[in-house]
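Residue-level listing of the chains:
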Amino acid sequence: MSKVTVRYWAAAKAAAGVAEEPYDAATLAEALDAVRARHPGELTRVLRRCSFLIDGDPVGTRGHETVRLADGGTVEVLPPFAGG
């Protein structure tokens, strides 16, 4: 299990009510499950439209259960935005 920081941007930040928070997770799928459990409302809906960066690298179309997280790493949650 890795300790990671999940950092929220734009609509994800507004829905979470915080800019970032720590989680313990081995994969991106586990981290997102924990995020959904902590924030079951609007953030869960926003996450469906988000893309993700792991330590600066885009996840793209890889299955979230296959994306391993490094201890001390960062998950960036990026909702779509106008002009982006």
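So, a few notes on the structure that sits alongside this text. (Residues numbered from 1 in each chain as written. Predicted model: local features only at pLDDT ≥ 70, side-chain atom pairs only at ≥ 80, totals over all residues. Heavy atoms only, no water.)

Structural notes on the pattern of salt bridges
Basically, it comes down to this: Think of a salt bridge as a Lys or Arg side-chain nitrogen and an Asp or Glu carboxyl oxygen that are within 4 Å of each other. Per the convention used, a helix needs a DSSP run of H or I reaching at least four residues, while a strand needs a run of E reaching at least two, with both numbered from the N terminus. Here the term buried applies to any residue with accessible area under 20% of the maximum for its type, exposed to any over 50%, and partly exposed to those in between, with areas from a 1.4 Å probe on protein chains only.
Applying the stated criterion to the full structure yields six salt bridges. The partner of Lys3 in a salt bridge is Asp24, with the nearest N and O atoms 3.3 Å apart. Taken as a pair, Lys3 in strand S1 (residues 2-8) and Asp24 in strand S2 (residues 20-25) lie far apart in primary sequence, 21 residues in all. For Lys3, a relative accessible area of 53% corresponds to the exposed category. By relative accessible area, Asp24 is classed as partly exposed at 44%. Glu42 is the partner of Arg45 in a salt bridge, and the nearest nitrogen-oxygen pair spans 3.1 Å. Residue Arg45 and its partner Glu42 are located together in helix H3 (residues 42-47), separated by three residues, close to a single helical turn. Accessibility expressed as a relative area gives 41% for Glu42, which makes it partly exposed. Ionic contacts of the salt-bridge type, sharing partners, join the residues Arg7, Glu20 and Glu76 into one network.

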